[in-house]
Amino acid sequence: MNGGHLRVMQSFRKPRVTSNPYIHMLDEALEQAEGIEHLRFSWPGALLGRLDVLHFHWPEVFLEGRTPVHRLVRRARMQALLWKLRLTRTAIVRTVHNLELPSGISGWDRRMLESVRRRAAVSIALNDQTEVPGTVAVVPHGHYVDWFDGMERSERVPDRLAFVGLVRRYKGVEALIAAFADLRARRPETTLAISGRPTTEEMDAEVRRLAATTPGIVLQLEYLTEADYARAVTASSLVVLPYVHMHNSGTVLAALSLDRPVLVPDNEVNRALATEVGPGWVHTFEGTLSADDIERALDAVRGDSRGTSPDLSQRGWAATGTAHAEAYRRAAQARRRGARTA
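None of these values were measured; they are calculated from a predicted model.

## Some remarks on the environment of Ala331
Move 1: Take Ala331: it is sitting in helix α12 (residues 320-341).
Move 2: Overall, the relative accessible area of 0% leaves Ala331 in the buried class.
Move 3: Separated by 271 residues in sequence, Ala331 and Glu60 place their C-alpha atoms 22 Å apart.
Move 4: Beyond its immediate stretch of four places on either side in the chain, Ala331 contacts Ala91, Val93, Ala121 and Val122.

This is the structure we're talking about:
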């Protein structure tokens, strides 16, 4: 500790214009939090610096790369980081953004991600429904109403579906395109906009190949500025997120913060969110997304029975930094107790 402050490094770097708004807002909250020295990620600092806590958000990002060589280098660095954290008894905190590990990963990747899970002194859950072993701190995912305030919004396009965000394998874009193709055959006025950067060259090529065979799909496969993101979401009548695994989704809250309804997998978390924000905003489907699921949700949002905005009053960011600082103190204390008994 430095002058009684915990040295806490996040797994994200200084937020950029294209960074997830969650990271921007958490970064700002941690800057104001008492009792911690807030450090953004760097490889020299992570591998050579002295830390009390390292906070992982999406550790799989450390393993991704657009080429095989790039992925190999990133995996080697991640393995070195895990060894260093073990040798220096640095506490690990992780935020449980997703319950399941990403699909289609190698055994090496799986072992490293499982190591992060297993060695976390504290897991931060974003909702009360998260059940994970060990010590858990619940810090609700904040809304983005203030973040998007003042940004230009698009006119809503009737029967426009939208997928917005990084295009990853587990997000089910392939299933969305297949379901949309079936829907388009019966409702040719429907369109689909897919906006966001694929995380691999293979994913990019696959989405382009699938979209090329289906009329009515507009692709914007690149990083979006926040203004572009807001325009893409608000141009839609319905944001569709057919994730294979969904436990928490900032994209869901971003869409709701921009006053657009969503279609998401049916699970306990999304049902609770639907109750929280009010009727007509969160629509769900079971199993693999189908044309019937999309059609049912589109018909529901056409009914316009919901209010002008969802109720997101329970998701302000005021207490977020304080709650994280407390989680870091608990993690550091747990590691110190472990060091004394080792």
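The structure having been displayed, the exposition proceeds.
## Section: the packing of aromatic side chains
Move 1: The tally for this structure, following the rule as stated, stands at nine aromatic pairs.
Move 2: With a centroid separation of 5.0 Å and an interplanar angle of 80°, the aromatic rings of Phe41 and Phe62 are classed as edge-to-face. Of this pair, Phe41 sits in the loop between β2 (36-39) and α2 (43-48) while Phe62 sits in the loop between β3 (53-56) and α3 (68-88), and the two are 21 residues apart along the sequence.
Move 3: A residue is classified by how much of its surface remains accessible, and Phe62, at 6% relative accessible area, is buried.
Move 4: Ring pairing ties together the aromatic residues Phe41, Trp43, Phe56 and Phe62, which thus form one cluster.

## Focus on the sheet that holds strand β5 (residues 120-125)
Move 1: With parallel pairing, the six strands of this open sheet are ordered in space as β2-β1-β3-β4-β5-β6. Only two strands of the sheet have a single partner each, and these edge strands are β2 and β6 (136-138). This sheet shows a mean twist of 25° between the axes of neighbouring strands, independent of strand direction.
Move 2: Relative to β5, strand β4 (residues 91-95) runs parallel, the two being bridged by four bridges. In the strand pairing of β5, Thr95 is matched with Ile124.
Move 3: Sitting on the sheet, helix α1 (residues 21-32) is in contact with β1 (6-10), β2 and β4, with an inclination near 150° to β2.

## Looking at the layout of surface pockets
Move 1: Considered as a void within the structure, the largest pocket measures approximately 1400 Å³ in volume.
Move 2: For the lining of the largest pocket, the elements supplying multiple residues, two or more each, are α1, α3, α8 (226-234) and α9 (250-257).
Move 3: Its residues assigned to classes, the lining of the largest pocket comprises 18 nonpolar, 17 polar and 12 charged.
Move 4: Considered as a void within the structure, the second largest pocket measures approximately 470 Å³ in volume.
Move 5: In terms of lining, the second largest pocket is formed by 19 residues, of which the most central are Glu64, Ser103, Gly104, Ile105 and Thr200.
Move 6: For the lining of the second largest pocket, the secondary structure elements donating two or more residues are α3 and α7 (201-212).
Move 7: Grouping the amino acids of the lining of the second largest pocket by side-chain chemistry returns five nonpolar, six polar and eight charged.

## Quick word on the sheet that holds strand β7 (residues 160-164)
The strands that make up a sheet pair up through hydrogen bonds in the backbone, lying either parallel or antiparallel.
Move 1: Here we have six strands laid out as an open sheet, ordered β9-β8-β7-β10-β11-β12, and parallel in their pairing. Because the sheet does not close on itself, it has two edges, and the strands there are β9 (217-220) and β12 (282-285). Sheet twist, expressed as the mean angle between neighbouring strand axes with direction ignored, is 25°.
Move 2: One ladder, built from four bridges, connects strand β11 (residues 262-265) with β12; its direction is parallel.

## Some details on unusual backbone geometry
Move 1: Of note in the backbone geometry, Arg89 takes a positive phi value of approximately 55° without being a glycine.
Move 2: Structurally, the position occupied by Arg89 is in the loop between α3 and β4.
Move 3: Classification of Arg89 as partly exposed rests on a relative accessible area of 34%.
Move 4: One non-glycine residue with positive phi stands out, namely Asp159, at about 60°.
Move 5: When you line up the elements, Asp159 lands in the loop between α5 (145-148) and β7.
Move 6: With relative accessibility at 10%, the residue Asp159 sits in the buried group.

Reading the values: the criteria
Residues numbered from 1 in each chain as written. Predicted model: local features only at pLDDT ≥ 70, side-chain atom pairs only at ≥ 80, totals over all residues. Heavy atoms only, no water. Helix = DSSP H or I, 4+ residues; strand = E, 2+ residues; numbered from the N terminus. Buried < 20%, exposed > 50% of the residue type's maximum accessible area, 1.4 Å probe, protein only. Contact = heavy atoms within 4.5 Å. Phe/Tyr/Trp six-rings, centres within 6.5 Å; stacked < 30°, edge-to-face > 60°. Pairing = 2+ DSSP bridges. Axes fitted to C-alpha atoms, helices over the stretch in contact; angles between N-to-C directions. 1 Å grid on protein atoms, 1.4 Å probe; cavity = no way out; pocket = protein on both sides within 12 Å on 5 of 7 lines; lining within 4 Å. Points joined across faces, edges and corners; volume = space filled by probe spheres on them. Nonpolar A, V, L, I, M, F, W, Y, C, P; charged D, E, K, R; others polar.

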